[in-house]
Structures are given as structure tokens and as C-alpha cells.
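An overview of the molecular structure
Residues per chain are reported as follows:
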Amino acid sequence: QSVLTQPPSTSGTPGQTITISCSGSTSNIGTNAVSWYQQLPGTAPKLLIFSNNLRPSGVHDGVSGSKSGTSASLAISGLQSADEADYYCASWDDSLNGPVFGGGTKVTVL
Amino acid sequence: QVQLQESGPGLVKPSETLSLTCAVSRGSISTYYWTWMRQSPGKGLEWIGHVYYSGSTQYNPSLRSRVTISVDTSKNHFSLRLSSVTAADTAVYYCARGTHQMSVRWFDPWGQGTLVTVSS
């Protein structure tokens, strides 16, 4: 059971916008920033969003993040087949004194 | 662009100690903090622990009694030891660099990961 809660799966057609939610608590998302990671099949996670809504260089501007209270969300607009992957949210947890992750959301492009 | 590469045995017997090393290239290990994560087959990500370049460590309480993470700045690498392993420790193990700015933390880059199977 993951500390952060994400939907197990979502899907969309090419060009659509999808959103992935991530729910936590006051000891993690409520107090600390959220990051998001993309994991393509058979590869390592890759940083997609940090500090709630900042994109590292190389991540396309169709990817955006937001945070409100103890929840966060990731949006991917202009969905492409290359976006098929598992997506994980993460935040520092002050009770654990370490990072916690969501269980991951599998994105399927129909 | 800094790169991380895990190395170590892919097969460990039950009750023995898992040992992995993460080599840091194209960058110095003497800043940031350095983390081990793992992902069991078909499951999500789990934080194991991390080490600062100073040598101070923090561990996941669920693994603390069995984990040791150390850093060797002269070799630009850091290591993981997990003792008394069982089949439940079978996973892909990743190393990653952690960045910390106030209440903002993130992990980038990650190593490619190495599968460790616990079996006799």
C-alpha cells in the first residue's frame, strides 16, 4: 500500500489531455513539494516535474504539474504514443523523514 | 551530464548480504545526496535510504536494521548493503542523485537499475 494515492490507470486518444491525481497528507504533500517521474517500459524512472510545477530541460511543455493542499496533479496535453508509460508522484514525508511515492498510474494511448 | 551506474551480483542466496555499488561519472559525488530505491516486480517504488557526501545517512525505518549505505568520495561511488535477504527483497535496485532546496526535493538522474534475485 503506497503512502500517496494515484489511480492505477488512465487512457486517452492522441492529441487529448489527460490528468493524473496524487493524494497525500499534511506530513507529505501538505508540507513539501511534489515531483513526478515517467517510467517507460523496461527503463528507469525519469524526472518529469519537480517543485510541484517546474519542468527540467528536455521535458516538453505539454507536461504540467500543480499542487493544492494535500493533493497534486500531472497533466499531459497533446497526448502521443510516446507518452505510454507509468507515472509516479513523490513527496518528502516528515514523519518518515524520507521520500514517499504513489503506486503509479499506467497511461495508455488508445 | 552526470551519470549513475549500478553494479553487483544479480543473484543472492537467502539469508546472505546483498551488495551493490553505484558509480558516479561526469560529476562529483561531493555535493547533493545519494539514494537507493527499489522496485519489486510489477510494483511501485520504495525508498531504501540515502547518504550525504559527508557520510551521514538516513534509512527507511522498515529496512533500517538490515541496511548500510556508505560513500567513497575518493572513488566517486556509493554503496548499498542489505543483510539477511529473503525472496521479498527480489527487486530492481536503482541509485539516484537527490537534490534538496528547502522543502523541495527531487531525484535526478537515476541509474539504469539492476535486477537482484534472491534465490537458492
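To start, this report covers the structure provided alongside it. (Residues numbered from 1 in each chain as written. Chains lettered and ligands numbered in written order. Predicted model: local features only at pLDDT ≥ 70, side-chain atom pairs only at ≥ 80, totals over all residues. Heavy atoms only, no water.)

The next subject is the interface of chain A and chain B. Contact with chain A, which involves 20 residues of that partner, is made by 21 residues of chain B. With both sides pooled, the region where chain A packs onto chain B buries about 1,700 Å², and carbon together with sulfur makes up 66% of that total. Interface area lost by chain A to chain B is led by Pro 45, Trp 92 and Phe 101 of chain A, which between them contribute 29%. Between the two partners, chain A and chain B, sit zero salt bridges. Elements supplying a minimum of two residues to the side of chain A that touches chain B: strand S3 (34-39), strand S7 (85-93) and strand S8 (98-101) of chain A. Looking at side-chain class alone, the side of chain A that touches chain B contains 11 nonpolar, nine polar and no charged residues. (Contact = heavy atoms within 4.5 Å. Buried area = accessible area lost by both parts, 1.4 Å probe. Salt bridge = Lys/Arg side-chain N within 4 Å of Asp/Glu carboxyl O. Helix = DSSP H or I, 4+ residues; strand = E, 2+ residues; numbered from the N terminus. Nonpolar A, V, L, I, M, F, W, Y, C, P; charged D, E, K, R; others polar.)

As a further point, take the packing of aromatic side chains. Within the structure shown, the criterion is met by 11 aromatic pairs over all chains. Linked through ring pairs, Tyr 37 and Phe 101 of chain A together with Tyr 33, Tyr 52, Tyr 94, Phe 107 and Trp 110 of chain B together constitute an aromatic cluster. Sitting over the ring of Tyr 32 of chain B, Arg 97 of chain B keeps its end group 4.1 Å from the ring centre. Here Arg 105 of chain B stacks its cationic end above the ring of Trp 92 of chain A, 3.5 Å away from the centre of that ring. (Phe/Tyr/Trp six-rings, centres within 6.5 Å; stacked < 30°, edge-to-face > 60°. Lys NZ or Arg CZ within 6 Å of the ring centre and 35° of its normal.)

Let us now look at unusual backbone geometry. Here Asp 108 of chain B and Pro 109 of chain B are connected by a cis peptide whose omega angle stands at 0°. Its location among the elements puts Pro 109 of chain B in strand S10 (residues 104-110). You will see that Asn 52 of chain A, though not glycine, has its phi angle at about 75°, which is positive. Tracing the sequence through the fold places Asn 52 of chain A in the loop between strand S4 (46-49) and strand S5 (63-68). Judged by relative accessible area, which is 18%, Asn 52 of chain A ranks as buried. (Buried < 20%, exposed > 50% of the residue type's maximum accessible area, 1.4 Å probe, protein only.)

In this structure, Leu 4, Leu 18, Trp 36, Val 67, Phe 78, Leu 80 and Tyr 93 of chain B are the most contacted members of the largest nonpolar core, which totals 25 residues. Looking at this core, the elements with two or more residues in it are strand S3 (18-25), strand S4 (33-39), strand S5 (45-52), strand S7 (67-72), strand S8 (77-82), strand S9 (91-101) and strand S11 (114-118) of chain B. With four residues, S3 of chain B is the largest single contributor of residues to this core. Judged by nonpolar contacts, the second largest core, of 21 residues, contains Cys 22, Val 34, Ile 49 and Val 100 of chain A. (Core = buried A, V, L, I, M, F, W, Y, C linked by side-chain atoms within 4.5 Å.)

On to the sheet that holds strand S1 (residues 3-7) of chain B. Within a sheet, adjacent strands bond to each other through the backbone by hydrogen bonds, running parallel or antiparallel. Residues and elements named next belong to chain B. With antiparallel pairing, the four strands of this open sheet are ordered in space as S1-S3-S8-S7. Each edge of the open sheet carries a strand with a single partner, namely S1 and S7. In this sheet, neighbouring strand axes are inclined to one another by 15° on average, regardless of whether the strands run parallel or antiparallel. Relative to S8, S7 is paired through six bridges, and the arrangement is antiparallel. When the bridges of S8 are listed, Ile 69 appears paired with Leu 80. (Pairing = 2+ DSSP bridges. Axes fitted to C-alpha atoms, helices over the stretch in contact; angles between N-to-C directions.)

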